[in-house]
Amino acid sequence: MTIDTCLQKGLLPVERARAQLLESVAPLRETETLPLEQARGRLLAEAASAQLDLPPCDNSAMDGYALCGDGLQFSLVGKSLAGHPYSGALEPGQCVRITTGAALPEGADRVEMQENIKLDDKRVLLQKAAAAGAHIRRRGEDVTSGETLVPVGRRLKVPDIALLAAAGVQRVTVLRRLRAALLSVGDELKPLSTPAAELGTGEIYDSNRIALRAALEELEIDVVDLGCQPDDPGPIRAAFERARDSADIVITSGGVSVGEADYTRGVLEELGQLEMWRLAIKPGKPFTFGRLPRAAGESYFFGLPGNPVSALVTLYQLVLPAVEKIRGADDELVRFQGRARLLNPIRKSPGRLDFQRGFTYRDGDGLQVVETTGIQGSHILSGFSHANCFIVLPRESGDCDTGDWVTIEPFGAPLT
Ligand code: AMP
Ligand code: MG
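Residues numbered from 1 in each chain as written. Chains lettered and ligands numbered in written order. Predicted model: local features only at pLDDT ≥ 70, side-chain atom pairs only at ≥ 80, totals over all residues. Heavy atoms only, no water.

Comments concerning the layout of surface pockets
Looking at the largest pocket, its volume works out to about 540 Å³. Lining of the largest pocket is provided by 35 residues; of these, Pro-305, Gly-306, Asn-307, Pro-308 and Ser-310 occupy positions nearest its centre. Looking at the lining of the largest pocket, the elements that each hand over two or more residues are strand 13 (179–185), strand 15 (204–205), helix 4 (207–218), helix 7 (308–326) and strand 23 (353–362). Residue composition of the lining of the largest pocket, by class: 10 nonpolar, 16 polar and nine charged. A domain-level breakdown of the lining of the largest pocket finds at least three residues from each of domain 1 (3–29 + 177–326) and domain 4 (338–410). Contributing to the lining of the second largest pocket are 18 residues, with Arg-155, Glu-218, Leu-219, Arg-327 and Ala-413 lying nearest its centre. The element best represented in the lining of the second largest pocket is helix 7, accounting for four residues. Taken together, the residues of the lining of the second largest pocket sort by class into eight nonpolar, two polar and eight charged. (1 Å grid on protein atoms, 1.4 Å probe; cavity = no way out; pocket = protein on both sides within 12 Å on 5 of 7 lines; lining within 4 Å. Points joined across faces, edges and corners; volume = space filled by probe spheres on them. Helix = DSSP H or I, 4+ residues; strand = E, 2+ residues; numbered from the N terminus. Nonpolar A, V, L, I, M, F, W, Y, C, P; charged D, E, K, R; others polar. Domains from an automatic or database assignment.)

Considering the environment of Ser-253
If you trace the backbone, Ser-253 turns up in strand 17 (residues 249–253). Excluding residues within four positions of it along the chain, Ser-253 makes contact with Leu-183, Ser-184, Val-185, Asn-208, Leu-212, Leu-304, Pro-305 and Gly-306. At 3.2 Å, the side chain of Ser-253 forms a polar contact with the side chain of Asn-208. (Contact = heavy atoms within 4.5 Å. Polar contact = N/O pair within 3.5 Å; in protein donor to acceptor, adjacent residues only side chain to side chain.)

Some remarks on the site of ligand 1
With respect to spatial proximity, 14 residues lie near ligand 1, and among them Glu-188, Asp-206, Gly-255, Gly-306 and Asn-307 are the closest. In the model, a nitrogen atom of ligand 1 is placed 3.3 Å from a nitrogen or oxygen of the Ser-207 main chain. Gly-306 is positioned with one of its backbone polar atoms (N or O) 2.9 Å from an oxygen atom of ligand 1. Burial of ligand 1 by the protein chains amounts to 78% of its free accessible area of 490 Å². Applying the majority rule of atoms within 2 Å of the grid points places ligand 1 in the largest pocket. Contributing elements (two or more residues each) for the shell around ligand 1: strand 15 and helix 4. Its residues placed into classes, the shell around ligand 1 shows three nonpolar, eight polar and three charged. (Near = heavy atom within 4 Å. Areas by Shrake-Rupley, 256 points an atom, 1.4 Å probe, with all protein chains shown as cover. Sits in = over half its atoms within 2 Å of the grid points.)

Side note on the nonpolar core
As a rule of thumb, soluble globular proteins bury nonpolar side chains together. The biggest cluster of nonpolar side chains holds 43 residues, and the ones touching the most others in it are Ile-249, Ile-251, Phe-287, Phe-302 and Leu-315. Among the elements of the structure, helix 2 (14–24), strand 13, helix 4, strand 17, strand 21 (298–304), helix 7, strand 23 and strand 25 (389–393) are those that each provide at least two residues to this core. Lining this core are residues from two domains, each supplying at least three of them: domain 1 (3–29 + 177–326) and domain 4 (338–410). If near-sequence neighbours (up to four positions away) are discounted, Ile-249 is found in contact with Leu-178, Arg-179, Ala-180, Ala-181, Ser-299, Tyr-300, Phe-302, Val-323 and Ile-326. (Core = buried A, V, L, I, M, F, W, Y, C linked by side-chain atoms within 4.5 Å. Buried < 20%, exposed > 50% of the residue type's maximum accessible area, 1.4 Å probe, protein only.)

Quick word on the sheet that holds strand 16 (residues 222–229)
Sheet architecture is open: six strands sit in the order 16-13-17-21-20-18, paired in mixed fashion. Two strands bound the open sheet, and with one partner strand each, they are strand 16 and strand 18 (273–277). Averaged over all pairs of adjacent strands, the angle between their axes in this sheet comes to 20°, without regard to strand direction. Sheet analysis places strand 17 next to strand 21, joined by five bridges and oriented parallel. Residue pairing across strands places Thr-252 opposite Gly-303, the latter belonging to strand 21. Against the sheet, helix 5 (residues 233–246) makes contact with strand 13, strand 16, strand 17, strand 20 (288–293) and strand 21, and its axis sits at roughly 175° relative to strand 16, the strand it touches most. (Pairing = 2+ DSSP bridges. Axes fitted to C-alpha atoms, helices over the stretch in contact; angles between N-to-C directions.)

Brief notes about the side chain of Ser-60
Within the fold, Ser-60 resides in strand 3 (residues 59–60). Side-chain polar atoms of Ser-60 contact the backbone oxygen of Met-62, separated by 2.6 Å. Residues in contact with Ser-60, not counting those within four places in the same chain, are Ile-98, Thr-99, Thr-100, Gly-101, Ala-102, Val-111, His-135 and Arg-137.

Details of the packing of helix 5 against helix 6 (residues 264–271)
Running from N to C, helix 5 and helix 6 cross one another at 55°; their axes reach a closest spacing of 10 Å. As the angle between them shows, helix 5 and helix 6 are arranged oblique. Crossing geometry of helix 5 relative to helix 6 is assigned as right-handed. Touching Pro-233, Ile-236, Arg-237, Phe-240 and Glu-241 of helix 5 are Thr-264, Val-267, Leu-268, Glu-270 and Leu-271, all from helix 6. Of the residues belonging to the contact of helix 5 with helix 6, the class tally is six nonpolar, one polar and three charged. (Parallel < 35°, antiparallel > 145°, perpendicular 65-115°, else oblique. Left-handed = near helix turned anticlockwise from the far one by under 90°.)

So, to be careful, I would describe these as geometric facts and stop short of saying anything about function.
Here you go:
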C-alpha cells in the first residue's frame, strides 16, 4: 500500500507520524543542579569541565622499580607507594620501589616491572635496559584541567560518571525530570488490589497503568498517577484537567478507538486540540496525539490504545522519540536494527507497519535467527513477555516464509 492509499484510508504512515510528532513538540530546557551521585541517566544541561589534570601527576603503570638512567644496575634508595610518594630526587643509577599509581619521583625516567628484575641486597639488577619512558603514565595524558569532559545534551552513563568523579566534578547541571500524568480509561478496569475471585464477568486488571508507570519510571520520568477513570466524559474531563495542570505530558490508555464508549478523543477536542489519530501501525492503530493548553503553557497529550500490547508498542515506538525531544536530548532516538533469518512463516496483509513480537538468537552455525513468540493478537501479553525483539515488517509487505530475512529490533529500555 502506498503512502497515498494509506492517507486515503485515513491512516497516517508511521514515518510521517514520527516526523510530525518531533516537529510538534519543543524541548523544556528547565534545569537543576545535582550532586554527581544522583545524576546517572540525566541529560547534561551545562558542560562539565575538569578541575584538574588526569592523571594529576606522572605515575607508575606497574608494580616495579622507578629508575633513573638506562643502566643495568641501580642502587635502591627508597620507595614510592600509592598515596605515599618518595620525597627525594633520583640521581643516575638510583631507583626506588614503586607501586601502580604511585607518584614518579623527580629524576625517575622509566619503570621496570618487578617480574624483570633481580634484587641483590640493596642492588636492583636488570637483564636488559628499560626503554626511556617505559610504564609511566604521564600527567594530563587523559584529561587537561579546564577541558570540557562531557558535552551538553549527553545522557550521563556510568563511564561519564566515572570520568566526572575522577576529574573532581562534584555537582552537575542537568535538565529537570519530565513529569507525566498517567491515567487509564475503562469501566471494566479494576485495581490490582482487587482479589481475582472478586472480579465480575468481563472485568480485568488495569495492567496498562502499572506497566506504563514502570516504563516511565525506568526512563527517569516522574509519574503523577491519576488512576482509572470510567467510560464517562465527566470524570474523564476532570481527570484531563488535573493531568494537564500537573504535568508536561499526559499519557492515557483506552477509550481512543471507535467504540460507542470511547470518549477520550472527544474530551481532548473539547479541552484542547487533536493533532493526530489513526496510524498505519500494527498494533496500535488508534494512537492519538494532541495538546491540552492550560493557563500558562500546554501539556502534550498521548492517547494510547487500551489493548496492552498496543499500549506498550506505541509508547515505545511513538511516544518515546517525542519524549526524548521534550526533555532535551540532543539526538533523535535511533534504535539498533539488524537482519535475522525467520524460523517460522508469518501471515501479514499489506497496509500497516507491523511490530511482531519475536525471539532472536544465534543458532549453532552462528546465524542470527528469529521466531515469532506465539499468536500475535494485541491482547496477547505472554508472547510479548517471551519476546526479546520486534520483527519489523514494512507496511507494504505481505506474508513471510520460513528462511526469509527479516528486520529485527532488539528491545531496549524500558522494554528490557
Ligand atoms: P479500548 O482502547 O478502550 O477500546 O480497549 C481495548 C482493549 O484493551 C479492551 O479489551 C480493553 O478491555 C483493554 N484495556 C483497556 N484499558 C486497559 C488497561 N488499562 N489495562 C489492560 N487492558 C486494558
Ligand atoms: Mg474501553
